[in-house]
Protein chains: 2
Amino acid sequence: MASELTRTPRSTAREGREKAIFEAARSVFAEFGYKGSTTAEIAKRAEIPKANLHYYFPTKEALYRAVTEDVLNTWLEAASSFDESADPSEAIAAYVSAKMDMARQDPIGSRIWANEILRGAPVIGDFLETTLLDWLKSRETIVRRWIKAGKLVALEPRYFFYMIWATTQHYADFEGQMAALNGGKPLSDAQFEAAKAQVIATLLRGVLPSGT
Amino acid sequence: MASELTRTPRSTAREGREKAIFEAARSVFAEFGYKGSTTAEIAKRAEIPKANLHYYFPTKEALYRAVTEDVLNTWLEAASSFDESADPSEAIAAYVSAKMDMARQDPIGSRIWANEILRGAPVIGDFLETTLLDWLKSRETIVRRWIKAGKLVALEPRYFFYMIWATTQHYADFEGQMAALNGGKPLSDAQFEAAKAQVIATLLRGVLPSGT
DNA sequence: GATAAGTTTGACCAATCGGTCAATTCTTCT
DNA sequence: AGAAGAATTGACCGATTGGTCAAACTTATC
């Protein structure tokens, strides 16, 4: 999180403060976006003086980049759960399940991503054009193979992935809207599991050949 | 847009400036959210001095509320395209189609909504808990009727609507991400129509009984 | 226990924020 | 033409912004 060059064992005190700042920054950036966030608010949520924040992270942008990099790493972890060796239904179910769990466990990360895209992706633009595009291309190849083998209905793989991303991300980014429609309470674990199962079922039914 | 009490015919000059401010505000709020937006930037995009902006809209919040109200009206228009008298497949296809067209024609409105939800919906919270919830409940009744009649597979209507909202909204909010994955260019009209057709096909296939 | 290094903090800075205001210009009406 | 009102604008205000800094305080090392 801090300098990757640190050689000496980090003191727990330092790690604690740095982590508190990091988590506070995540929540503030997720809520207000980069421009709408203030270092004062982040320091307040981290319960430290603002000047102390600048000791660990020299600028707001450096802090934002650290937070963003972490989000990308989490994304890459979930991406690996799409297994080409498995059956289409297995692979899709596992991937959607992983993305849904990600949305549930780390909605803040998803919201940071959403805010970054909304303002034109100045920081993760490179990632989108390189790593993400490579990932997408390789999975498109797999999906096309499945289609040719008759294991999937004919479709443009890209738009199918967009549907998966949209739906899973929705459960993180629009948690507030869902809560408002749920009597003001966030989805319970049971509700979330039901939603997840239904999303997987609907998507699979939507792309698997009849009688599968 | 201005005072609804205006009785005299509005001069086109006044309407023009007010509209310019309104459109500039939409684009800025969509990009940076409420907190991240500045009246200076809005005035700059409207190509007027900042003081002139405050002549038409006394505060940043008043301007934001005007913009937000307009977004809700657009939402309500699209909502009416869900026709209960039609076949499930017709009704769903028409609704998804309308939402997709909305995302294409007015991505900015969608992004304003998304930003508002991300910061906890302080302005449209009431709308969500009343109008939107009522709409959702009434449509859930219709969907449940279809399920009982065997015209739809068993599912929780709510999560199905979330899928529709998620997917259609994604084409507006994540336009930038899609463009990055599309050689830097936004989806062409042909690409968008293909995506729309596929979204409708996958969703229908996902919820209609086999052999329909 | 002294010295050095790392950490914490209030006070402060220039720039930008939302908003005001008086002076000016443009329109409208007679 | 000229008065009255509407619209436009540069200058300005106090509050907040991201960031700095020197002084004070801890902690590790000998």
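The structure presented is a predicted model; accordingly, all values stated were derived computationally and were not measured.

*Asks:* What is the right way to read the domain arrangement of chain A from this model?
*Replies:* Many analyses report the size of an interface as the accessible area lost when the parts associate. Residues and elements named next belong to chain A. Assigned domains within chain A: domain 1 (12-58) and domain 2 (69-207). Its C-alpha centre places domain 1 at a distance of 29 Å from the equivalent point of domain 2. Contacts between domain 1 and domain 2 engage eight residues on the former and nine residues on the latter. Interface area for domain 1 against domain 2, summed over the two sides, is near 660 Å², with a carbon-plus-sulfur share of 59%.

*Asks:* So what exactly am I meant to see when it comes to the protein's contact with DNA strand C here?
*Replies:* Around DNA strand C sit 16 residues in total, of which Ala51, Tyr55 and Tyr56 of chain A together with Lys50 and Lys60 of chain B are the nearest. Looking at DNA strand C alone, sugar and phosphate atoms form 57% of those within 4 Å of the protein. Contact distances for DNA strand C include 3.1 Å between a phosphate oxygen and a side-chain N or O atom of Arg17 of chain A. The contact in question runs from a phosphate oxygen of DNA strand C to an N or O atom on the side chain of Asn52 of chain A, over 3.3 Å. For the surface near DNA strand C, the secondary structure elements donating two or more residues are α1 (12-36) and α3 (50-56) of chain A together with α2 (39-46) and α3 (50-56) of chain B. Its residues assigned to classes, the surface near DNA strand C shows six nonpolar, six polar and four charged.

*Asks:* Is there a simple way to explain the pattern of salt bridges in this structure?
*Replies:* Opposite charge on two side chains allows them to pair when their charged atoms are near. All names here are of chain B. Throughout the structure, instances matching the rule amount to 29 salt bridges over all chains. Where Arg45 meets Glu41, a salt bridge forms, and the shortest distance between an N and an O atom there is 2.8 Å. Of the two residues, Arg45 and Glu41 both sit in helix α2, four residues apart, roughly one turn of that helix. Taking relative accessible area as the criterion, Glu41 reaches 22% and is therefore assigned partly exposed.

*Asks:* Would you mind showing me how to read the interface of chain A and chain B here?
*Replies:* Between chain A and chain B, the residue contacts involve 53 residues of the former and 53 residues of the latter. Here chain A and chain B share an interface that buries about 4700 Å² over both sides, 64% of which is from carbon and sulfur atoms. Looking only at chain A, the three residues that lose the most surface to chain B are Leu118, Tyr159 and Leu181 of chain A, adding up to 17% of its buried area. Viewed at the interface, chain B and chain A are joined by zero salt bridges.

*Asks:* Could you clarify how one ought to interpret the nonpolar core in this entry?
*Replies:* In a soluble, globular protein the nonpolar side chains are often hidden away together inside. Trp113, Trp165 and Tyr171 of chain A together with Trp113, Trp165 and Tyr171 of chain B are the most contacted members of the largest nonpolar core, which totals 148 residues. The contact partners of Trp113 of chain A, leaving out residues within four places of it in the chain, are Val71, Leu72, Trp75, Ile124, Phe127, Leu128, Leu132 and Gln169 of chain A together with Phe174 and Gln177 of chain B.

*Asks:* Would you mind showing me how to read the protein's contact with DNA strand D here?
*Replies:* Contacts to DNA strand D come from 16 residues, most closely from Lys50 and Lys60 of chain A together with Ala51, Tyr55 and Tyr56 of chain B. A breakdown of the atoms of DNA strand D within 4 Å of the protein gives sugar and phosphate a share of 59%. The backbone of Thr39 of chain A places a nitrogen or oxygen atom 3.0 Å from a phosphate oxygen of DNA strand D. Taking Tyr55 of chain B, its side chain carries an N or O atom lying 2.4 Å from a phosphate oxygen of DNA strand D. Looking at the surface near DNA strand D, the elements with two or more residues in it are α2 (39-46) and α3 of chain A together with α1 (12-36) and α3 of chain B. Classifying every residue of the surface near DNA strand D gives six nonpolar, six polar and four charged.

Rules of the game
- Residues numbered from 1 in each chain as written.
- Chains lettered and ligands numbered in written order.
- Predicted model: local features only at pLDDT ≥ 70, side-chain atom pairs only at ≥ 80, totals over all residues.
- Heavy atoms only, no water.
- Domains from an automatic or database assignment.
- Contact = heavy atoms within 4.5 Å.
- Buried area = accessible area lost by both parts, 1.4 Å probe.
- Near = heavy atom within 4 Å.
- Polar contact = N/O pair within 3.5 Å; in protein donor to acceptor, adjacent residues only side chain to side chain.
- Helix = DSSP H or I, 4+ residues; strand = E, 2+ residues; numbered from the N terminus.
- Nonpolar A, V, L, I, M, F, W, Y, C, P; charged D, E, K, R; others polar.
- Salt bridge = Lys/Arg side-chain N within 4 Å of Asp/Glu carboxyl O.
- Buried < 20%, exposed > 50% of the residue type's maximum accessible area, 1.4 Å probe, protein only.
- Core = buried A, V, L, I, M, F, W, Y, C linked by side-chain atoms within 4.5 Å.

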